Amino acid sequence: MSRGKLRVAFQGELGSYSEEAASKFFGQDFEPVPMRSLLSVFTAVEAGSADYGVVPIENSIEGGVGETYDLLLSSGLKVVGEVYVRVVHCLIGLDGAEISEIKRVYSHPQALAQCRAYITMMGFEPVSTYDTAGAVKLVKEMGDRSNAAIASERAAGIYGMKVLAKGIEDYGRNYTRFLVMGREAVGAPRRPKTSVIFSVPHRAGALYRALEPFATREINLTKIESRPTRARPWQYYFFVDFEGDARDERVREALTDLASRTLFLKVLGTYESGRVEFEE
């Protein structure tokens with residue numbers, strides 16, 4: 001661990017939703033470490049150049065973040081926490097720009113997808129970038145009033161840009177769940193959640209049998225996601241979140257049964273369940 005402030009890596013620039021997630025989890029007293037990619041976040045924590053990493057795992061509108069799931073499979077890091085962030089997208093332009101001038105909008109592909117109806121209605125050309133806040137920075141550097149970015153209101157303030165419209169996402173209650181990654185497991189959380197990855201034989205009933213140990217012990221599953229194994233077509237890894245601590249006897253028994261019914265099992269970590277504060 002670093003001797004001074006905690007160094008927390010995240011994908012994107014200052015003002016990104018990932019930085020907001022880091023602030024919500026760690027408070028304001030940490031050193032932000034902006035990274036260009038999700039892979040760079042994992043690598044920074046693995047190498048010790050950052051103490052923790054914060055990465056998006058799923059959005060309430062667009063679903064899972066495939067790259068994060070793939071990195072969880074290959075990384076030796078542990079999931080040590082989670083945090084939910086309310087996403088309010090803004091159309092952001094240069095000072096003096098008007099919505100009627102905008103022709104192109106720049107943002108992360110997930111943000112563009114979350115604002116698809118608005119972009120179509122306005123007749124804007126969507127342009128993908130690696131980050132929402134980075135898109136604001138880019139639009140400012142280009143200096144063309146026909147360009148705009150989709151990002152947070154905070155990002156507009158950081159880069160001295162103008163909010164042209166607020167709340168342009170297609171659906172209300174837009175939240176992104178982030179995982180906090182570290183090199184070591186955490187102590188016993190008060191409201192534990194555990195995440196695992198497994199694969200099963202390609203035969204009838206294999207997934208049912210894999211999940212049965214949780215059902216018989218009344219362990220509540222909160223999430224299940226599948227990703228291609230990439231080794232053979234149409235075979236999958238399953239990512240499962242459930243309530244409980246992997247160190248508790250009941251959960252240990254379920255995981256032992258699961259291991260006997262799967263081809264591969266990896267426990268990603270036990271951590272404190274994040275709270276979702278729904279806004280009307």
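Calculation rules
Residues numbered from 1 in each chain as written. Predicted model: local features only at pLDDT ≥ 70, side-chain atom pairs only at ≥ 80, totals over all residues. Heavy atoms only, no water. Pairing = 2+ DSSP bridges. Helix = DSSP H or I, 4+ residues; strand = E, 2+ residues; numbered from the N terminus. Axes fitted to C-alpha atoms, helices over the stretch in contact; angles between N-to-C directions. Contact = heavy atoms within 4.5 Å. Expected span 1.5 Å × (residues − 1). Buried < 20%, exposed > 50% of the residue type's maximum accessible area, 1.4 Å probe, protein only. Arc of directions from axis to C-beta. Polar contact = N/O pair within 3.5 Å; in protein donor to acceptor, adjacent residues only side chain to side chain. Parallel < 35°, antiparallel > 145°, perpendicular 65-115°, else oblique. Left-handed = near helix turned anticlockwise from the far one by under 90°. Phe/Tyr/Trp six-rings, centres within 6.5 Å; stacked < 30°, edge-to-face > 60°. Salt bridge = Lys/Arg side-chain N within 4 Å of Asp/Glu carboxyl O. Nonpolar A, V, L, I, M, F, W, Y, C, P; charged D, E, K, R; others polar.

Participant: What's the story with the sheet that holds strand β8 (residues 125-128) in this structure? I'm lost.
Facilitator: Paired through their backbone hydrogen bonds, the strands of a sheet run either parallel or antiparallel. Spatially, the 5 strands line up as an open sheet ordered β8-β7-β9-β6-β10, and their pairing is mixed. The open sheet terminates on both sides in strands that have one partner only, identified here as β8 and β10 (162-166). Across the sheet, the mean angle separating the axes of adjacent strands is 30° when strand polarity is ignored. With 3 bridges joining them, strand β6 (residues 90-93) and strand β9 (residues 147-151) adopt antiparallel strand pairing. Note that in β9 the partner of Ile 92 across the bridge is Ala 149. Across the sheet, helix α6 (residues 132-142) lies against β6, β7 (104-107) and β9, angled at about 160° from β9, the strand it touches most.

Participant: Hey, could you run me through helix α9 (residues 249-260) in this one?
Facilitator: Since the α-helix packs 3.6 residues into each turn, any two residues three or four apart lie on the same face. The end-to-end C-alpha separation of α9 is 17 Å, in line with the 16 Å expected for 12 residues at 1.5 Å each. Val 251, Ala 254, Leu 255 and Leu 258 are the residues of α9 that are buried. Looking straight down α9, one finds that the buried residues subtend no more than 100° of arc, so they occupy a single side. Facing away from the buried side of α9, by more than 90 degrees, are the exposed residues Glu 249, Thr 256 and Ser 260. Buried positions along α9 lie against β12 (192-199), α8 (206-216), β14 (236-243) and β15 (264-272).

Participant: Explain the side chain of Asp 245 here, please?
Facilitator: With respect to the helices, strands and loops of the structure, Asp 245 is situated in the loop between β14 and α9. Of the polar contacts made by the side chain of Asp 245, one reaches the backbone nitrogen of Arg 247; its length is 2.9 Å. Each residue touching Asp 245, except ones within four places of it in the same chain, is listed here: Ala 188, Pro 189, Pro 192, Thr 194, Val 251 and Thr 270.

Participant: I tried to follow the packing of helix α2 (residues 38-47) against helix α3 (residues 66-74) on my own but got confused; where do I start?
Facilitator: Geometry of a packed helix pair, given as the angle between the helix axes and the separation of the axes. Between α2 and α3, the least distance of the axes is 10 Å, while the angle of their chain directions is 30°. Compared by their axis directions, α2 and α3 come out roughly parallel. Note on packing geometry: the crossing formed by α2 with α3 is right-handed. Two secondary-structure elements touch here, α2 through Leu 38, Leu 39 and Phe 42 and α3 through Glu 67, Thr 68, Leu 71 and Leu 72.

Participant: Would you take a moment to explain the packing of aromatic side chains for this structure?
Facilitator: Aromatic rings in a pair are described by how distant their centres are and how their planes are angled relative to each other. Per the stated rule, a full pass over the model turns up 8 aromatic pairs. Ring centres of Tyr 118 and Phe 124 lie 6.2 Å apart, and the angle between their planes is 65°; on these two criteria the pair is classed as edge-to-face. The burial state of Tyr 118 is the same as that of Phe 124; both residues are buried. In textbook terms, an aromatic cluster arises when at least three aromatic residues are bridged by ring pairs, as seen for Phe 25, Phe 26, Phe 30 and Tyr 52.

Participant: What's the story with the pattern of salt bridges in this structure? I'm lost.
Facilitator: Pairs may arise between side chains of opposite charge once their charged atoms sit close together. Summed over the entire model, instances satisfying the criterion amount to 22 salt bridges. The salt bridge involving Arg 145 is made with Glu 101; its shortest N-O contact spans 3.2 Å. Of the two residues, Arg 145 sits in the loop between α6 and β9 while Glu 101 sits in the loop between β6 and β7, which places them 44 residues apart along the sequence. With a shortest N-O distance of 3.6 Å, Glu 253 and Arg 217 are connected by a salt bridge. Highlighted residues: Glu 253 in helix α9 and Arg 217 in the loop between α8 and β13 (221-228), separated in sequence by 36 residues. A relative accessible area of 36% means that Glu 253 is categorised as partly exposed. Bridged by salt links that share partners, the residues Glu 58, Glu 82, Arg 177, Lys 193, Lys 223, Glu 225 and Asp 241 form one connected network.

Participant: Whenever I open this one, the environment of Leu 112 confuses me. Can you help?
Facilitator: Here Leu 112 shows up in helix α4 (residues 109-114). In this structure the C-alpha to C-alpha distance between Leu 112 and Val 41, which are 71 residues apart in sequence, comes to 23 Å. Apart from the residues lying within four places of it in its own chain, the contact partners of Leu 112 are Val 105, Ser 107, Ile 119, Pro 126, Val 127, Ser 128 and Ile 150.

Participant: I'm lost on the packing of α8 against α9 in this one. Help?
Facilitator: Contact pair α8 / α9: the axes reach a minimum separation of 9 Å and the direction vectors enclose 165°. With respect to their mutual orientation, α8 and α9 come out roughly antiparallel. In this structure, α8 meets α9 at a crossing whose hand is right-handed. Taken together, the residues of α9 that come into contact with α8 (itself represented by Ala 210, Pro 213 and Phe 214) are Ala 254, Leu 255, Asp 257 and Leu 258. Partitioning the contact of α8 with α9 into residue classes produces 6 nonpolar, no polar and 1 charged.

It is worth stressing that arrangement in space is one thing and function is another; only the former is reported here.
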